[in-house]
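Each chain is listed here by its residues.
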Amino acid sequence: MTPPFCNVALPVPLRTTFTYAVPEWLQGTLQPGSRVLVPFRKKSMVGVVVELAESAPPGTKIREIIRVLDFVPALTPKLIELAHWIAGYYLAPVGEVFRAMLPPVRELKSQRQILLTDAGRDAAVSLSGGELSHGLTSSEAAFLAKLKERKGTMPLGPAAKLGVEASALQRLQRLGLIEIRETVQGRSLRTQRVIAWKDNLSPATEPRPEKSEENLNAETQTSQRKRREERVRELLETERGPLPLAQLMKLAQVTRAVIERMLRDGLLESWEEPIDPAEDPFDAGFTPPAHELNAEQESALKAIRARFKLGEFGVQLLHGVTGSGKTEVYLRAVQETLARGKTALVLVPEIALTLWIGRQCRSWFGARFEGVAVLHSALSDVERAREWWRVRNGEARVVVGTRSAVFAPLENIGLVIVDEEQENSYKQEETPRYHGRDVAIVRAKMEGALALLGSATPSMETYHHAREGKYELLTLASRVADRSLATVEIVDLREDFQQTHQTSPISAALHAGIQECLANGTQTLVLINRRGYSWSVLCRSCGASVQCVNCSISMTHHKQRNRLECHYCGSIQAIPKVCPKCQSKYVYFFGEGSEHLEERLRKEFPGARIARLDRDTARTKRQYQETLGAFAGGALDILVGTQMLAKGHDFQRVTLVGVISADSSLSLPDFRAAERTFQLLTQVAGRAGRGELKGRVLIQTFYPEHYAIQDAVKQDYGAFFERELHFRRMMAYPPFTSLANVIVRDTSLEKTIRWSRQLSEYFSPHDDKGVRILGPATAPLARLKKEHRFQFLLKSPKRSVLTKLLSGALAYCEANEIPDTAVLVDMDPLSLL
């Protein structure tokens with residue numbers, strides 16, 4: 001019998017759980033990890049059952065659970081354990097941790113299906129002979145027999161009508177005689193028309209018309225028609241395989257009429273197939289090139305296999321230069337994991353990479369056979385829920401996803417891969433402020449699995465751990481097929497201005513390089529790490545900039561949308577005709593963003609096929625896929641984008657990469673500025689020369705002497721690491737200390753100052769006693785989303801000392817009625833802004 005009470009974690013900013021009574025009709029069925037609907041104050045909320053309890057806290061009024069949302073617990077016991085670790089380490093309310101873990105609640109329309117297992121079939125056969133086994137009651141035996149009659153499957157609703165109680169179903173499930181699966185019910189899948197080249201074609205030989213003045217025009221039209229048909233054939237037969245109609249028209253740059261005519265002529269065939277929301281439209285016909293592993297890859301894979309044989313937790317860092325074949329090693333490691341009967345989790349930092357790696361995993365392992373699930377924020381709630389329950393029901397054995405996929409409900413995990421482990425996007429910037437890489441390592445430890453971290457430019461902390469022997473270091477020092485690294489050149493913009501007397505974002509060297517690529521039929525990537533058209537709007541008379549009304553930051557000009565936007569809070573303003581401060585009409589747009597660069601390239605290269613990829617142009621999964629697919633398929637000559645282009649992509653025909661304003665991040669007030677600059681430049685340099693053609697990289701900068709830029713040009717990670725490590729040691733920054741950033745915030749400046757002073761009074765006696773406390777001081781972003789912000793920075797060589805002090809600080813805030821929402825604690829911060 002289930003205990004009569006349970007502790008429920010709710011998604012509220014309170015560091016406690018709440019006790020509820022379990023109704024009698026639920027006793028015997030409720031399990032930890034299930035989502036429940038409970039009354040909280042004057043409303044109902046969805047929470048997670050953390051544990052069952054025999055008694056309730058004395059002197060409190062206990063309310064009952066309203067209903068259970070999951071017959072199968074949404075969270076496994078290991079995920080509940082992981083949630084408690086996150087809550088303790090990152091000092092986050094446990095209910096908000098569970099909220100980050102769970103699939104969307106809005107998908108509550110689901111169906112529970114009962115399946116008869118092999119053991120259940122055997123039991124049903126023996127029962128038909130009158131023999132009761134497993135200690136079953138007569139009603140349970142009758143239910144198994146009925147289930148067998150119905151081909152071993154039955155929805156939960158009809159089972160209830162047969163008089164089978166929930167407790168009996170739970171018991172049959174524990175005995176392994178049945179499985180209960182939860183499937184999300186969404187809208188019926190849409191279909192799409194798929195086009196393929198017809199096999200074994202023997203084209204008829206057309207009689208050649210005699211050349212005459214009358215048929216010259218017809219001959220020209222025939223030639224153009226043949227070229228279009230040949231392009232379609234190359235795409236469908238050689239490059240991509242069968243493609244959806246809309247995608248084929250875009251890649252081949254032909255009209256629907258051309259495709260319809262080729263279908264009528266018997267050159268093509270077509271069929272309708274459902275659009276799987278979880279499936280990447282670019283999967284069709286894609287097969288990654290099967291490279292023979294080189295000696296370094298074989299050595300790395302051998303070390304991974306050795307760790308698998310040990311059958312225990314470990315962390316390995318796969319440090320490989322860009323283009324060294326890390327993805328090939330990942331896929332073979334996943335293959336080994338599946339062969340051992342275990343599951344695998346693959347984390348990537350960007351949605352675009354999720355689609356890219358997911359596509360390769362599907363090609364290797366099959367979306368239907370081994371089961372590959374993809375989880376990321378661009379999926380709709382129903383799509384995410386469907387994928388989540390596929391994983392929870394054991395239908396998917398490989399999960400590929402971004403940061404939140406670390407919580408995928410996989411069981412029996414053997415391998416956790418974190419690709420591009422140094423990326424900032426693994427850090428959650430809202431409560432709970434966890435780091436996906438670190439949580440992945442802890443999850444691997446709890447599962448007794450291998451954590452495999454990969455990067456061409458590892459974070460300082462990770463590489464330091466590898467150097468100290470805490471992690472095992474695996475190295476890929478050369479590119480696959482002995483391809484040379486791209487040639488990297490610095491374009492000193494000071495000298496460029498002296499020669500051209502122009503302030504164009506495209507230097508003379510970059511212009512000449514793009515012109516050469518267009519002439520040779522190769523492709524160019526141009527990186528600029530700023531969205532929008534212009535960084536800010538300035539008044540030439542008084543020097544004032546147009547600031548966001550909610551934040552202490554300049555508004556960004558977006559020309560296509562004809563407005564100013566704040567990239568922090570999302571507020572929008574009309575473009576001013578006069579200065580808001582002095583009413584001068586001399587308003588000036590300052591700085592170039594990706595939108596401006598795209599416009600400039602279109603003017604300078606009018607015949608080129610150009611596209612832009614940033615958060616403004618690729619807001620959905622399909623937009624990402626279409627742009628990347630068009631570039632990979634050769635339908636574009638130049639691709640302009642932000643840092644999402646810098647990582648992981650394998651474009652075979654890119655021979656030139658241009659980096660605009662390479663030194664812009666060096667001026668930020670952040671101790672990681674040099675590390676970020678080096679990583680970004682090295683990663684983007686790795687996008688060039690990945691195929692048979694040699695690559696070239698042009699880095700435009702006003703500060704070519706900086707060591708981050710110099711070492712990025714040489715692509716010398718070791719030299720950069722040593723220089724940066726010396727700086728970190730001198731300034732007592734990670735990896736030599738643990739860091740915590742504490743922000744006090746409120747819409748009232750008076751309250752923010754008062755609470756900062758109170759917190760300072762608590763911290764002061766502890767300063768220089770195992771902890772160095774800096775602040776309070778105005779945060780670099782003094783106002784954000786209407787809130788004023790003051791900052792404390794805490795450093796300690798011992799993380800436990802830091803955690804103890806901050807736990808005490810939060811208790812002090814509660815005792816002094818400082819709201820929980822007013823104090824933000826960020827353990828291991830990646831940004832100090």
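Residues numbered from 1 in each chain as written. Predicted model: local features only at pLDDT ≥ 70, side-chain atom pairs only at ≥ 80, totals over all residues. Heavy atoms only, no water.

> Tell me about the overall build of the chain, residues and numbers included.
From N to C terminus, the chain includes 24 helices and 33 strands. Within the chain, the fraction of its 833 residues that count as buried is 54%. When the accessible area of the chain is evaluated, it comes to approximately 37800 Å², of which 50% is carbon and sulfur surface. (Helix = DSSP H or I, 4+ residues; strand = E, 2+ residues; numbered from the N terminus. Buried < 20%, exposed > 50% of the residue type's maximum accessible area, 1.4 Å probe, protein only. Areas by Shrake-Rupley, 256 points an atom, 1.4 Å probe, with all protein chains shown as cover.)

> Tell me about the pairing of strand β13 (residues 343-347), and please be specific about residues and values.
Within β13, five of the five residues are buried, leaving the element largely enclosed by the surrounding structure. In the sheet, β13 pairs with strand β16 (residues 413-419) via five bridges, with the strands oriented parallel. Each bridged residue has a counterpart across the sheet, and for A344 the counterpart in β16 is L415. The sheet contact formed by β13 and strand β15 (residues 398-401) spans four bridges and is parallel. (Pairing = 2+ DSSP bridges.)

> Which residues make up the sheet that holds strand β31 (residues 772-784), and what values go with them?
Pairing within the open sheet is antiparallel, and its four strands lie in the order β31-β32-β30-β33. The outermost strands of the open sheet, each flanked by one partner alone, are β31 and β33 (823-827). Adjacent strand axes in the sheet meet at a mean angle of 20 degrees when their direction is disregarded. Note: β31 against strand β32 (residues 787-796), seven bridges, orientation antiparallel. (Axes fitted to C-alpha atoms, helices over the stretch in contact; angles between N-to-C directions.)

> So what's going on with the nonpolar core? Which residues, and what values?
Soluble globular proteins tend to bury their nonpolar side chains together. Membership of the largest hydrophobic core comes to 149 residues, with the highest contact counts inside it found for F98, L268, F763, L794 and L806. Element by element, the count of residues in this core is highest for helix α1 (residues 77-89), at seven residues. L338, C361, L450 and L452 belong to the second largest nonpolar core, which has 26 residues in total. (Core = buried A, V, L, I, M, F, W, Y, C linked by side-chain atoms within 4.5 Å.)

> Tell me about the pairing of strand β28 (residues 654-660), residues and numbers included.
In terms of residue burial, β28 counts as a mostly covered element, since seven of its seven residues are buried. For strand β20 (residues 523-528) and β28, the ladder comprises six bridges, and the chain directions are parallel. Paired with I528 across the two strands is I660, which belongs to β28. When β28 meets strand β29 (residues 696-701), the two strands line up parallel, connected through four bridges.

> Could you give me a rundown of the packing of helix α10 (residues 295-310) against helix α11 (residues 326-339), with the residues and numbers involved?
For any two helices packed against each other, one specifies the crossing angle of their axes together with the interaxial distance. In contact at an axis separation of 10 Å, α10 and α11 are set at 30 degrees when each is read in the N-to-C sense. Of the possible angle classes, the one that applies to α10 and α11 is roughly parallel. Seen along the crossing, α10 lies across α11 with a hand that is right-handed. Touching Q297, L301, I304, R305 and F308 of α10 are E328, V329, R332, A333, E336 and T337, all from α11. Considering only residue class, the contact of α10 with α11 consists of five nonpolar, two polar and four charged. (Parallel < 35°, antiparallel > 145°, perpendicular 65-115°, else oblique. Left-handed = near helix turned anticlockwise from the far one by under 90°. Contact = heavy atoms within 4.5 Å. Nonpolar A, V, L, I, M, F, W, Y, C, P; charged D, E, K, R; others polar.)

> Let's hear about helix α22 (residues 717-731): which residues, and what values?
In this model α22 runs 21 Å from its N-terminal to its C-terminal C-alpha over 15 residues, within 8% of the 21 Å that 1.5 Å per residue would give. Close packing links the buried residues of α22 with β12 (314-320), α15 (460-467), α20 (673-685) and α21 (707-714). Measuring from the backbone nitrogen of G718 back to the side-chain oxygen at the start of α22 gives 3.3 Å, which picks out D716 as the cap. Downstream of α22 by a residue or two, A732 has a phi angle that is positive, lying close to 55 degrees. (Expected span 1.5 Å × (residues − 1). Polar contact = N/O pair within 3.5 Å; in protein donor to acceptor, adjacent residues only side chain to side chain.)

> Break down the packing of helix α23 (residues 749-763) against helix α24 (residues 799-815) for me, with residues and values.
The N-to-C vectors of α23 and α24 enclose an angle of 135 degrees; their axes lie 10 Å apart at closest approach. In terms of orientation, α23 lies oblique with respect to α24. In this structure, α23 meets α24 at a crossing whose hand is right-handed. On α24, the residues touching Q758, L759, E761, Y762 and F763 of α23 are L805, L806, G808, A809, Y812 and C813.

> Pulling in residues and values, what's your account of the side chain of Q428?
Tracing the backbone shows Q428 in the loop between β16 and α14 (436-447). We classify Q428 as buried; its relative accessible area is 9%. Within polar-contact distance, the side chain of Q428 engages the side chain of R403 at 3.1 Å. With sequence-adjacent residues up to four places away left out, Q428 is seen in contact with R403, R433 and Y434.

> Could you give me a rundown of the environment of R121, with the residues and numbers involved?
Checked against the element boundaries, R121 lands in helix α3 (residues 118-128). For the pair R121 and I178, spaced 57 residues apart in sequence, the C-alpha separation works out to 9.2 Å. The residues contacting R121, other than those within four sequence positions of it, are L116, K151 and G152.

> A description of the sheet that holds β29 should follow, citing residues and the corresponding values.
Sheet strands line up and pair through hydrogen bonds in the backbone, either parallel or antiparallel. The parallel open sheet is built from six strands, whose spatial order is β19-β29-β28-β20-β27-β26. Looking along the sheet, the strands with just one partner apiece sit at the ends: β19 (487-492) and β26 (610-613). Averaged over all pairs of adjacent strands, the angle between their axes in this sheet comes to 20 degrees, without regard to strand direction. Inspection of the sheet shows β26 paired to strand β27 (residues 638-641) by four bridges, in the parallel sense. The partner of I610 across the bridge, within β27, is I638. Lying over the sheet, helix α16 (residues 493-500) contacts β19 and β29, oriented at roughly 60 degrees with respect to β19. Packing against the sheet, helix α18 (residues 594-604) makes contact with β20, β26, β27 and β28, and its axis sits at approximately 175 degrees to β26.

> I'd like to hear about α18, residue by residue, with values.
Restricting attention to buried positions, one finds in α18 the residues S594, E595, H596, L597, E598 and L601. Where the residues of α18 are buried, they touch α17 (508-520), β20, β22 (556-558), β26, β27 and β28.

> Any details on the packing of aromatic side chains? Residues and values, ideally.
With the rule as written, the count across this model stands at 17 aromatic pairs. Centre to centre, the rings of F18 and F40 are 5.2 Å apart; their planes meet at 75 degrees, and the pair counts as edge-to-face. Placement of the pair is F18 in strand β2 (residues 18-21) and F40 in strand β3 (residues 35-40), with a sequence separation of 22 residues. As far as burial versus exposure is concerned, F18 and F40 are alike and both buried. When the centroid spacing of 5.7 Å and the interplanar angle of 90 degrees are considered together, the rings of W535 and F590 count as edge-to-face. Of the two residues, W535 is situated in the loop between β20 and β21 (536-539) and F590 in strand β25 (residues 587-590); the sequence distance between them amounts to 55 residues. Residue class for W535 comes out partly exposed when judged on its relative accessible area of 25%. Ring-pair connections join several aromatic residues into one group, and the members of that group are Y463, F678, Y707, Y717, F720 and F721. Positioned over the ring face of W535 is R530, at 3.9 Å from the centre of the ring. Sitting above the plane of the Y588 ring, R540 keeps its charged end 4.0 Å from the centroid. (Phe/Tyr/Trp six-rings, centres within 6.5 Å; stacked < 30°, edge-to-face > 60°. Lys NZ or Arg CZ within 6 Å of the ring centre and 35° of its normal.)

> Can you break down the pattern of salt bridges residue by residue, with the values?
Summed over the entire model, instances satisfying the criterion amount to 44 salt bridges. Notably, a salt bridge pairs R696 with E489, separated by 2.9 Å at the nearest N-O pair. Of this pair, R696 sits in strand β29 while E489 is found in strand β19, placing the two residues 207 residues apart along the sequence. (Salt bridge = Lys/Arg side-chain N within 4 Å of Asp/Glu carboxyl O.)

> I'd like a rundown of unusual backbone geometry, residues and numbers included.
Residues other than glycine predominantly adopt negative phi, and peptide bonds predominantly adopt the trans conformation. That bond from T431 to P432 is cis: its omega, -5 degrees, falls within 30 degrees of zero. At the junction of P734 and P735, the peptide bond is cis and its omega measures out at 15 degrees in the coordinates. Notably, Q253 is not glycine yet its phi reads approximately 55 degrees, a positive angle. A positive phi angle is found at K786, which is not glycine, with a value near 75 degrees. Structurally, K786 can be placed in the loop between β31 and β32. Residue K786 is classed as partly exposed on the basis of its relative accessible area, which comes to 48%.

As far as function goes, none of this settles anything; it's purely spatial.
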